[in-house]
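Examination of the molecular architecture
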Amino acid sequence: MADPVLQTRGLTAHYGDFQALFGIDFEIRQGETVAIIGSNGAGKSTFLRSITGMLNTAGQDIAFLGQPVGGISAHDLVRKGLAMVPEGRKLFPSLTVEENLLIGAYGRSGSEWTLETIYDLFPILAERRHHGGTDLSGGQQQMVAIGRALMSNPKLLLCDEISLGLAPIVIKDIYEAVPKINAHGATMVVVEQDVNQAMAVADRVYCFQEGRVSLTGKPDELTREQISAAYFGLEDGEAA
Amino acid sequence: MDWINAILQGILLGGLYALFAAGLSLMFGVMRFVNVAHGDFIVISAYGALIVVAATGVHPLWATFVVVPGMALLGYVGQRILLNRTLGEDILPPLLVTFGFSIIIQNVLLEVFSADSQKLQAGWMETASIPINQSISIGVMPLLIFASALIVIAGLQAFFYKTSLGRVLRATSDDQDTVRLMGANNAKIFGYATAIASAVVGIAGVYLAMRTNFDPSVGPARLLFAFEAVIIGGLGNLWGTLAGGIILGVAQAIGAQIDPGFQILAGHLAFLILLVVKPQGLFPKMKG
């Protein structure tokens, strides 16, 4: 079997004296969509910050496309094929929609995604291409953030809380793009607080709780009780 | 007529101030970094031009071709090996380090070149002028400096809005963390920003040396003019910086017209009044 796209063994993370992750074992294979669920403070975003190199991971056992990448800086990881849709979108306010997308191509390799294919995926962005990135609605901004990440032609796309703060109808629009992105061959990690949404798109789910993986499996093999217990840290039957 | 002439000369002087200020504005814009030694780097460029002219005997303008790349290289290397280490959450270290630089540069220049006042001879340019009517004429050198300021600012603007590196510099100005997730290496981006700013400092230094007397101690006053031009114009807006330079130049020229001793003070007063009336500057950068 081929190497996983991304694999971590015993990953830990600290903010000063505070330990946020306690030995995360994680892997994702080519073409998979994996969801990471968990409540606030479970360590989901810290995990993403670690594997994107935004936190220092020197000496840690992280492999990307079979190569060890512990301690490698964020910009080098992007060049190796990792892209991130950050929580809160983080568009560049003084750049237009199109310029935001082009920034994504700064460290690019390959030519899978272009402005044209992004505009095919999210046609509304073509109409708004000359608007300021932050003049758009929340959902459209999220589309720009996803498009911007895709512009680097990632082998692995990480999406942090892409439904946070958006209306359900908008979330549906955004998630409809996921299979299309998969069809282009990208492997995806989706971090979500919305469990139902995550279960609907994912091939496999990791549930985080207090910096540990509390449950992992395929959505159709997991029961609601198992997920509630893993998500909230409750015993069986106690779950709301 | 004297007043019109004074205003005209003030506008042209504003071009020099805009050249002083453009590099400062650019470094602050991209890195949120105030270079307290900015004026002293202008003086280094002036001495650089002095060395080139003394060694080769060419017209001072030709020294630009040595000083500008030299300063760009110095800026890039200095940013990569020194200034990048001072940048972080805390804004104090870069201020302290560049303040220290300012003192060191002034004293090294004093040691090497003495406190004697220097000036580069620009030959016919210094006295040539274009007559407008009987009482008003425009000096060739002030006009050349003003035209250079226009070209430099238009060039920087085109660079920022038309090139991919310019786009990344603007994105870095918005959000230094997120731009790393786009594959940009901040350390390198900052090096480029300082290199470009230092190239402009090089141009400003050559013109300073051609236009006025300079000695190792004049840097801080240039920093002050640059600061005032940047703040009058609005942070992060290069055309605003030009406008700020012109307002400062005109205020000084009007002040000098009232009383020669009032020149510098008039500039500072104009700055203070504008700061009270428009604390954001005249043309603040739009924020989304």
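Along each chain, residue indices are assigned from 1 in the same order as the chain's sequence is written. Chains and ligands are labelled by the order in which they are written, letters from A for the one and numbers from 1 for the other. A pLDDT threshold of at least 70 governs which residues receive local features in this predicted model, and a stricter bar of 80 or more applies before side-chain atom pairs are shown or counted, although totals over entire chains, interfaces and linings include all residues.

A word on the overall build of chain A
Here is the rule we go by: Helix numbering and strand numbering both begin at the N terminus, where a helix is a DSSP run of H or I of at least 4 residues and a strand a DSSP run of E of at least 2. Each radius of gyration reported is based on C-alpha atoms, and the globular scaling rule is 2.2 Å times the count of residues to the power 0.38. Between the buried cut of 20 or more and the exposed cut of 12 or fewer other C-beta atoms within 10 Å of a residue's own C-beta lies the partly exposed class, and all C-beta atoms are placed from the backbone. Whether two residues are in contact is decided by their C-beta atoms, placed from the backbone, lying within 7 Å.
What chain A contains, in helices and strands, is nine helices and 10 strands. At 18 Å, chain A has a C-alpha radius of gyration in line with the 18 Å of a compact globule built from 240 residues. Dimensions of chain A, computed from the C-alpha atoms along their principal axes, are close to 50 × 40 × 40 Å. Counting every position in chain A, which comprises 240 residues, the buried fraction comes to 49%. Considering only contacts within chain A whose residues lie at least 6 apart along the sequence, 65% involve residues at least 24 apart.

Details of the overall build of chain B
Scanning chain B from N- to C-terminus turns up 11 helices and two strands. From first element to last, N terminus to C terminus, chain B shows the α and β order α-α-α-α-β-β-α-α-α-α-α-α-α. Radius of gyration (C-alpha) of chain B: 19 Å, near the 19 Å computed for a compact globule of 288 residues. C-alpha extents for chain B along the principal axes are approximately 60 × 45 × 35 Å. Residue burial in chain B is summarised as follows: out of 288 residues, 50% are buried. Restricting to contacts in chain B with at least 6 residues of sequence separation, those with at least 24 account for 76%.

With respect to the pairing of strand β7 (residues 156–160) of chain A
The side chains of a regular strand alternate, residue by residue, between the two faces of the sheet. Residue and element names in this part refer to chain A. Short version of the rule: Two strands make a pair as long as DSSP finds a minimum of two bridges between them. The handedness of a crossover follows from its direction of travel: if, with the strands pointing away from the viewer, the path from the first strand over the helix to the second runs clockwise, the crossover is right-handed.
Of all five residues making up β7, five are buried, and the element is well covered by its neighbours. The side-chain alternation of β7 yields two buried faces, one formed by L156, L158 and D160 and the other by L157 and C159. Where strand β6 (residues 82–85) meets β7, four bridges bridge the pair, whose relative direction is parallel. For M84, the partnering residue across the bridge sits in β7 and is L158. In this sheet, strand β8 (residues 187–192) lies alongside β7 in parallel orientation, the contact comprising five bridges. Bridge pairing links L157 to M188 in β8. Note that the unit made of β7, helix α7 (residues 168–183) and β8 has a crossover that is right-handed.

What to know about the nonpolar core
Residue and element names in this part refer to chain B. Stated precisely, the cut-off is as follows: By definition, a nonpolar core groups buried Ala, Val, Leu, Ile, Met, Phe, Trp, Tyr and Cys residues that connect through C-beta atoms lying within 7 Å of each other.
In this structure, L19 and A193 are the most contacted members of the largest nonpolar core, which totals 164 residues. Element by element, the count of residues in this core is highest for helix α8 (residues 186–211), at 17 residues. Filtering out sequence-adjacent residues up to four positions away, L19 remains in contact with S148, A149, V152, V200, I203, A204 and Y207.

Some remarks on the confidence of the model for chain A
If pLDDT is low for a region, its predicted coordinates should not be looked at in detail. Formally: Values of pLDDT, ranging from 0 to 100, describe the predictor's confidence in every residue of the model.
When the pLDDT values of chain A are averaged, the result is 88; 95% of them are 70 or greater. Below a pLDDT of 50 lies the segment residues 236–240 of chain A, which in the model reaches seven contacts outside its immediate sequence neighbourhood of four places, other chains included.

Section: the sheet that holds β6 of chain A
Residue and element names in this part refer to chain A. To keep it simple, the criterion reads: The axes used here are C-alpha line fits, helices contributing only the stretch in contact, and every angle between their N-to-C directions lies in the interval 0 to 180 degrees.
In space, the six strands of this open sheet follow the order β6-β7-β8-β3-β9-β10, with mixed pairing throughout. The open sheet has two free edges, formed respectively by β6 and β10 (212–217), since each of these has just one partner strand. Ignoring strand direction, the axes of neighbouring strands in this sheet form an average angle of 20°. The strands touched by α7 within the sheet are β3 (33–37), β7 and β8, with β8 carrying the most contacts at an inclination of about 155°. Relative to the sheet, helix α9 (residues 224–232) contacts β3, β9 (204–209) and β10, its axis offset from that of β9 by approximately 40°.

Details of the interface of chain A and chain B
Our working definition: Charged means Asp, Glu, Lys or Arg here, nonpolar means Ala, Val, Leu, Ile, Met, Phe, Trp, Tyr, Cys or Pro, and polar covers whatever is left, Gly included.
Each partner contributes residues to the interface: chain A has 22 residues there, and chain B has 16 residues. Elements with a minimum of two residues in the side of chain A that touches chain B: α2 (74–80) and α3 (97–104) of chain A. Its residues placed into classes, the side of chain A that touches chain B shows 10 nonpolar, eight polar and four charged.

Considerations on helix α1 (residues 44–51) of chain A
Residues and elements named next belong to chain A. Among the eight residues in α1, eight count as buried, and that is most of the element. Every buried residue of α1 is listed here: K44, S45, T46, F47, L48, R49, S50 and I51. Downstream of α1 by a residue or two, G53 has a phi angle that is positive, lying close to 85°.

Focus: the sheet that holds strand β4 (residues 61–64) of chain A
Residues and elements named next belong to chain A. With respect to topology, four strands assemble into an open sheet ordered β2-β1-β4-β5, the strand pairing being antiparallel. Only two strands of the sheet have a single partner each, and these edge strands are β2 (18–28) and β5 (67–68). Sheet topology places strand β1 (residues 6–15) next to β4; four bridges connect them, and they run antiparallel. Each residue of the ladder has a partner; that of T8, found in β4, is I62.

A word on the pairing of β9 of chain A
All names here are of chain A. In this structure, β3 lies alongside β9, joined through four bridges in parallel fashion. Looking across to β9, one finds that I37 is bridged to C207. Strand direction decides the pairing type here: β9 and β10, joined by five bridges, are antiparallel. Bridging across to β10, V205 finds its partner in G217. In this structure, the hairpin formed by β9 and β10 is closed by a connection of two residues, where E210 is found at a positive phi of approximately 50°.

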